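Results of the structural survey
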Amino acid sequence: EADAVVLTLARRRFQTCLDAESHFRTQALADAKFAAGTWGESTYQWPAGVQEDRQRDQRPCLTINRIPSFKRQVTNAARQANLRIRVIPVDDRGDPKLAEVLQGIIRNIETQSFADRAYTMACDKQAEQGRGCFRLLTEFADETSFRQRIRIVREPNPLSVFWDPDAREPDYRDADYCFKATDIDEAVFEALTGFPPPDASALGAFAAEGTDTGAWFPNGKVRLMEYWSREPHGPARCLAQLADGQVVEVEGPDVTEVQGVRVLRVRHSQPKVIVWRKHDALRIYETTTWPADAVPFIPVLGEEVEIE
């Protein structure tokens, strides 16, 4: 029953992402195809009707793709900039040494992850489609221990990532949820998950909630989702700031002093964590807590335009 509630919310949120970004995703896919120029027998820089007419008349239908050279005028500048994460100390006392240590740890993570390739691909997709991204993840260091390490991973297909459309920060740190979609053939679904693939007909019961069945069973495949959600963790608290600078937990907002010390102000606080789940439209397979206070996909944004 608890899983059903989570899945209902996940499906509604995913539908919200689709509705909010449908125009952008249609245009971004068209941009990606146009930048590719040709793919096998298909060409994406000729209008479909014109191409068919010329092929039927056995006339030449050549594609001279100039887009990559224009794109590299933008992306090569990012390559030459040698982009890296920098740790900046807050003050000039103890922070410089700590910043130096943290900088060394992060530089090692970037080196071991080939992070420059992740940054470069994100910039390529930014110039091509308007938005690229890369990902943080944790993995076991080897097959004989539980020690984990952080990696920075490239994302070849930014259109498979769906963010909370209400996020407003440039790195989407304020996103309350995020999806990463992977479309899997039914024949290999059980080998990957240990469960038989869900039946598309079972989604008929969700028509009332506005679920798009095609969004979960695209082109005859099953969509397996990684889903991050910011959720309450533990009971809500009432915090008070005292005149001597202390911050303590109190019973309610009407308290005026604590142990003889005057209360300056009171606020409510609700601790939250990022919960990660792997699921399809009907079943949750794994659940764990993501050890950070933001979703692990970092966007690289182009020009932002919001209309209606």
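Here is a short report on the structure shown in this document. (Residues numbered from 1 in each chain as written. Predicted model: local features only at pLDDT ≥ 70, side-chain atom pairs only at ≥ 80, totals over all residues. Heavy atoms only, no water.)

What about the packing of helix α3 (residues 67-81) against helix α5 (residues 115-129)?
It is the contact of α3 with α5, at a shortest axis distance of 9 Å, that shows an interaxial angle of 150 degrees. What the angle tells us is that α3 and α5 run roughly antiparallel. In terms of crossing hand, the pair formed by α3 and α5 is right-handed. Where α3 abuts α5, its residues Lys71, Val74, Thr75, Ala78 and Arg79 lie against Thr120, Cys123, Asp124, Ala127 and Glu128. (Axes fitted to C-alpha atoms, helices over the stretch in contact; angles between N-to-C directions. Helix = DSSP H or I, 4+ residues; strand = E, 2+ residues; numbered from the N terminus. Parallel < 35°, antiparallel > 145°, perpendicular 65-115°, else oblique. Left-handed = near helix turned anticlockwise from the far one by under 90°. Contact = heavy atoms within 4.5 Å.)

Let's talk about the side chain of Gln51
By the secondary structure assignment, Gln51 is in helix α2 (residues 48-56). You can call Gln51 buried: its relative accessible area is 11%. Setting aside residues up to four positions removed in sequence, Gln51 forms contacts with Glu41, Thr43, Trp46 and Cys61. (Buried < 20%, exposed > 50% of the residue type's maximum accessible area, 1.4 Å probe, protein only.)

Quick look at the sheet that holds strand β14 (residues 297-301)
In spatial order, the strands read β4-β3-β14; together these three strands make up an open sheet with antiparallel pairing. Strands with a single pairing partner mark the edges of an open sheet, and in this sheet they are β4 (148-154) and β14. On average, adjacent strands in this sheet sit at an angle of 20 degrees to one another, irrespective of strand direction. Across five bridges, strand β3 (residues 131-140) lies against β14 in antiparallel orientation. Considered in β14, the bridge of Gly132 is made with Val300. (Pairing = 2+ DSSP bridges.)

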